[in-house]
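These are the residues of each chain, in order.
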Amino acid sequence: MMSAQKSLKFKPLHATFAAEVEGIDFSKPIPDSVIAEVQEGIDKYGVLIFRNANMDNDTHVSFTRRFGELDSMPFIRRRGRFPDQPHIFDVSNLDDSGEIVKNTDRVTSMLKKGNELWHADMQYHPRRDKYSLLRAVEIPPKGLGGDTEFADSRTAYEDLSQEWKNKLKNLICDCSLIHNRRLAAPDLYKDVDPYDWSISHFKAVYPHEGSGRNNLYVTSYVYRFQGYSVEESHKMREELIAHGSQPKYVYKVAWEQPGDAVMWDNTAVWHRALDASEYIFKYRRDMRRTNTYDNGPHAWGENEVGKDWKVQLPKDPLAHESQLNRLVG
Ligand code: OGA
Ligand code: MN
């Protein structure tokens, strides 16, 4: 059989993962054969960059929909700027009316810190997400931060010692968003026990559906490994993340211009936002994301299959401070 003519070009960006994709015109209908090429590329590379894709909210959503069922924004603390488009996750530094967050809004900037730790999107939900597609609408001036890093967690797994691989075999992680946020900003949720709120369960390692390679699914959302104490778990998690985030496994995506977009597979790579402190209260960074649910054999991890729920969090992440104020005031 003759193989179909390929229409896309994948330009590898790193020795083991990540590629730039050339050849898609997002302003026109995209044929199934092109989607199949993207699918093949994301299975292999884990991260795909589309420069100057120039999608709008609608094309962003409809392109993502070609890769699976869409997840929607949980609207935890805010309505978001796009309440009528729940599939657009507003991950900007803008408030609901489109203004830059104020430096008096300590909580919002602290909550955003959690994104600067290595993670896989929605690992704290019972059905994990597979793809994320993040697009830049406005970016801060060059040199003031706002880039995004990715780590090749499949290669990182393969390079682990046999001892670690044995230890991780069938190990189950208890995952918590509260934990991730507190790890990044220790003043948040100070007296909160994550086990009083929502916890998801995923194994430390799953085979990646599209490549058959094992993936290290241990990120900053992991609060405790079952069978270990919180303290032991902390050490293990930090050691694994330090291993997987060595420079040889990391690729930094520099956002070059509005219109750039990056797609990644959360079941094959980790990612993190880089330090926001130089721009967060000063320059607009309008980033929007879409996500698909995983629909593979490990979508629900070790959670009850089919029983969905959204993350639950204390209303006030600084509740302990107002309690303190009441005591002294
Ligand atoms: C995300 C995320 C990183 C960034 O949107 O899931 O982690 O650089 N973003 O904004
Ligand atoms: Mn993320």
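Cut-off values and rules
Residues numbered from 1 in each chain as written. Chains lettered and ligands numbered in written order. Predicted model: local features only at pLDDT ≥ 70, side-chain atom pairs only at ≥ 80, totals over all residues. Heavy atoms only, no water. Pairing = 2+ DSSP bridges. Helix = DSSP H or I, 4+ residues; strand = E, 2+ residues; numbered from the N terminus. Axes fitted to C-alpha atoms, helices over the stretch in contact; angles between N-to-C directions. Near = heavy atom within 4 Å. Polar contact = N/O pair within 3.5 Å; in protein donor to acceptor, adjacent residues only side chain to side chain. Areas by Shrake-Rupley, 256 points an atom, 1.4 Å probe, with all protein chains shown as cover. Nonpolar A, V, L, I, M, F, W, Y, C, P; charged D, E, K, R; others polar. UniProt positions renumbered as here; feature names shortened; annotations may be inferred. Contact = heavy atoms within 4.5 Å. Donors = N, O, S within 2.8 Å, 3.2 Å for Na, K, Ca; no water. Buried < 20%, exposed > 50% of the residue type's maximum accessible area, 1.4 Å probe, protein only.

Chemist: What am I meant to see in the sheet that holds strand 12 (residues 250-253) here?
Modeler: Remark on secondary structure: sheet strands pair via backbone hydrogen bonds, oriented parallel or antiparallel. Strands sit in the order 12-6-14 across an open sheet of 3 strands; the sheet is antiparallel. Edge positions in the sheet fall to strand 12 and strand 14 (270-273), since each has one partner strand and no second. Sheet twist, expressed as the mean angle between neighbouring strand axes with direction ignored, is 20 degrees. With 4 bridges connecting them, strand 6 (residues 148-151) and strand 12 associate as antiparallel partners. Within the sheet, the bridge partner assigned to Ala-151 lies in strand 12 and is Val-250.

Chemist: What is the right way to read the site of ligand 1 from this model?
Modeler: Close to ligand 1 lie Val-91, Asn-115, His-119, Asp-121, Leu-134, Asp-147, Thr-148, Trp-264, His-271, Ala-273, Arg-285 and Arg-289, which account for all nearby residues. At 2.8 Å, a side-chain N or O of Arg-285 approaches an oxygen atom of ligand 1. For ligand 1, the accessible surface in isolation is 290 Å², of which the surrounding protein chains cover 99%. Of the residues assigned to the shell around ligand 1, the class counts are 4 nonpolar, 4 polar and 4 charged.

Chemist: What's the story with unusual backbone geometry in this structure? I'm lost.
Modeler: Peptide bonds are mostly trans, and most non-glycine residues show a negative phi. Although it is not a glycine, Ala-18 sits at a positive phi angle of roughly 70 degrees. With respect to the helices and strands, the residue Ala-18 is situated in the loop between strand 1 (9-12) and strand 2 (19-22). Even without a glycine there, the phi angle at Tyr-189 is positive, about 50 degrees. Note on placement: Tyr-189 falls in the loop between helix 6 (177-184) and strand 8 (200-203).

Chemist: Please explain the UniProt feature "domain: TauD/TfdA-like" (unreviewed entry) in the chain as it appears in this structure.
Modeler: The sites that UniProt annotates as "domain: TauD/TfdA-like" (unreviewed entry) are residues 10-290. End C-alpha to end C-alpha, residues 10-290 measures 22 Å, and it is 23% helix and 22% strand.

Chemist: Whenever I open this one, the side chain of Thr-219 confuses me. Can you help?
Modeler: Among the structural elements, Thr-219 can be located in the loop between strand 10 (214-216) and strand 11 (222-225). In terms of polar contacts, Thr-219 uses its side chain to reach the side chain of Gln-123, at 2.6 Å. The contacts of Thr-219, once residues within four sequence positions are left out, are Trp-118, His-119, Ala-120, Gln-123, Arg-237, Ile-241 and Trp-270.

Chemist: For this particular structure, what's the right way to read the coordination of the manganese ion (ligand 2)?
Modeler: In an ideal tetrahedron of four donors about a metal, each angle is 109.5 degrees. In an ideal octahedron of six donors, the angles are 90 or 180 degrees. Protein coordination at the manganese ion (ligand 2) comes from His-119 (NE2), Asp-121 (OD) and His-271 (NE2), with a distance range of 2.1 Å. Within one chain, the residues donating to the manganese ion (ligand 2) are spaced in sequence as H-x1-D-x149-H.

Chemist: When you look at the sheet that holds strand 11 in this model, what are you seeing that I'm missing?
Modeler: Across the sheet, which stays open at both edges, the 3 strands sit in the order 8-7-11 with antiparallel pairing between neighbours. Single-partner strands in this sheet number two, and they are strand 8 and strand 11. Ignoring strand direction, the axes of neighbouring strands in this sheet form an average angle of 35 degrees. One ladder, built from 3 bridges, connects strand 7 (residues 172-175) with strand 11; its direction is antiparallel.

Chemist: Can you help me understand the pairing of strand 15 (residues 286-293) in this one?
Modeler: On a regular strand, each side chain points to the face opposite its neighbour's, so the side chains alternate between the two faces of the sheet. Where burial is concerned, most of strand 15 is hidden: 8 out of the 8 residues are buried. Along strand 15, one buried face is formed by Asp-286, Arg-288, Thr-290 and Thr-292 and the opposite face, lined by Met-287, Arg-289, Asn-291 and Tyr-293, is buried too. Looking at chain direction, strand 4 (residues 89-90) and strand 15 are connected through 2 bridges and run antiparallel. Following the sheet pairing, Asp-90 is matched in strand 15 by Arg-288. Of the pairings in the sheet, the one linking strand 5 (residues 129-138) to strand 15 comprises 7 bridges and is antiparallel in character. By the bridge assignment for strand 15, Glu-138 is matched with Asp-286.

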